[in-house]
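# What the coordinates show
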Amino acid sequence: MAEREVDAAPAADDRGWRLRHLPVLLVASAVVAALGTVAGGVLGGADAALGVAAGVAVTVVSYALTTVVLAWADARNPQLVLPFGLGLYAAKFTLLGGVMVAVASTGWAGLLPLCLGIAVGVAVWTGAHIWWISTVHKRRTRA
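Bear in mind that the values here come from a model prediction, so they are computed numbers and not experimental data. (Residues numbered from 1 in each chain as written. Predicted model: local features only at pLDDT ≥ 70, side-chain atom pairs only at ≥ 80, totals over all residues. Heavy atoms only, no water.)

## Some words on the pattern of salt bridges
Within the structure shown, the criterion is met by one salt bridge. A salt bridge links Arg18 to Asp74; the shortest N-O distance between them is 2.8 Å. Pair noted here: Arg18 is in the loop between helix H1 (9-13) and helix H2 (22-44) and Asp74 is in helix H3 (residues 46-76), with a separation of 56 residues, a long-range link. The same class applies to Arg18 and to Asp74, which are both buried. (Salt bridge = Lys/Arg side-chain N within 4 Å of Asp/Glu carboxyl O. Helix = DSSP H or I, 4+ residues; strand = E, 2+ residues; numbered from the N terminus. Buried < 20%, exposed > 50% of the residue type's maximum accessible area, 1.4 Å probe, protein only.)

Below, the structure is given as structure tokens:
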């Protein structure tokens, strides 16, 4: 079966398309980090506030790094996306695992809020990304 020909001209004319969604996701994450930090502070004190903020920050740094690296790889050669994506995935989860083990061994009271911050950060980033793709991006591709 022959591959469909894809018109690369629109993508070449719009070099920023790979990162266009990033500001929306960063704003959504900043809002949830602020709200989570306040909630953590009220419910659990300074350690909880710091834990939630750090958890959301871990998610934001991880996902933003992936977005930028994969956009770079795709702009160079789309065949680089898979190896760069898998390599980055392995590196990030190895680092995250090591950091979580190190933090857990300290007995820090902010560990559970850190984990909750990561989980909420993932949910908000993913939800905002789904919203952006299903609304904003969908409108752009129709135009």
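Back to the text.
## Remarks on the nonpolar core
One broad rule of soluble globular proteins: the nonpolar side chains tend to lie buried together. The biggest cluster of nonpolar side chains holds nine residues, and these are Leu22, Leu25, Val32, Ala33, Val56, Val60, Ala64, Trp125 and Ala128. At the level of elements, H2, H3 and helix H5 (111-142) are the ones that each hand at least two residues to this core. Ignoring anything within four residues of it in the chain, the contact list for Ala64 reads Leu22 and Trp125. (Core = buried A, V, L, I, M, F, W, Y, C linked by side-chain atoms within 4.5 Å. Contact = heavy atoms within 4.5 Å.)

## Brief notes about a nonpolar patch on the surface
The grouping of Val27, Val31 and Leu35 at the surface amounts to a nonpolar patch, some 290 Å² of accessible area in total. Tracing the backbone shows Leu35 in helix H2. (Patch = residues over 30% accessible without salt bridge, like charges linked within 9 Å, V, L, I, M, F, W, Y side chains within 5 Å. Areas by Shrake-Rupley, 256 points an atom, 1.4 Å probe, with all protein chains shown as cover.)

## Let's talk about the packing of H3 against helix H4 (residues 81-104)
Two numbers describe how H3 lies on H4: the axes approach to 9 Å, and their chain directions differ by 160°. Taken as axis vectors, H3 and H4 run roughly antiparallel relative to one another. Crossing handedness for the pair H3 and H4: right-handed. Of the residues in H4, those touching H3 at Val58, Ser62, Leu65, Thr66, Val69, Leu70, Trp72, Ala73 and Asp74 are Val81, Phe84, Gly85, Leu88, Lys92 and Leu96. When its residues are assigned to classes, the contact of H3 with H4 shows 10 nonpolar, three polar and two charged. (Axes fitted to C-alpha atoms, helices over the stretch in contact; angles between N-to-C directions. Parallel < 35°, antiparallel > 145°, perpendicular 65-115°, else oblique. Left-handed = near helix turned anticlockwise from the far one by under 90°. Nonpolar A, V, L, I, M, F, W, Y, C, P; charged D, E, K, R; others polar.)

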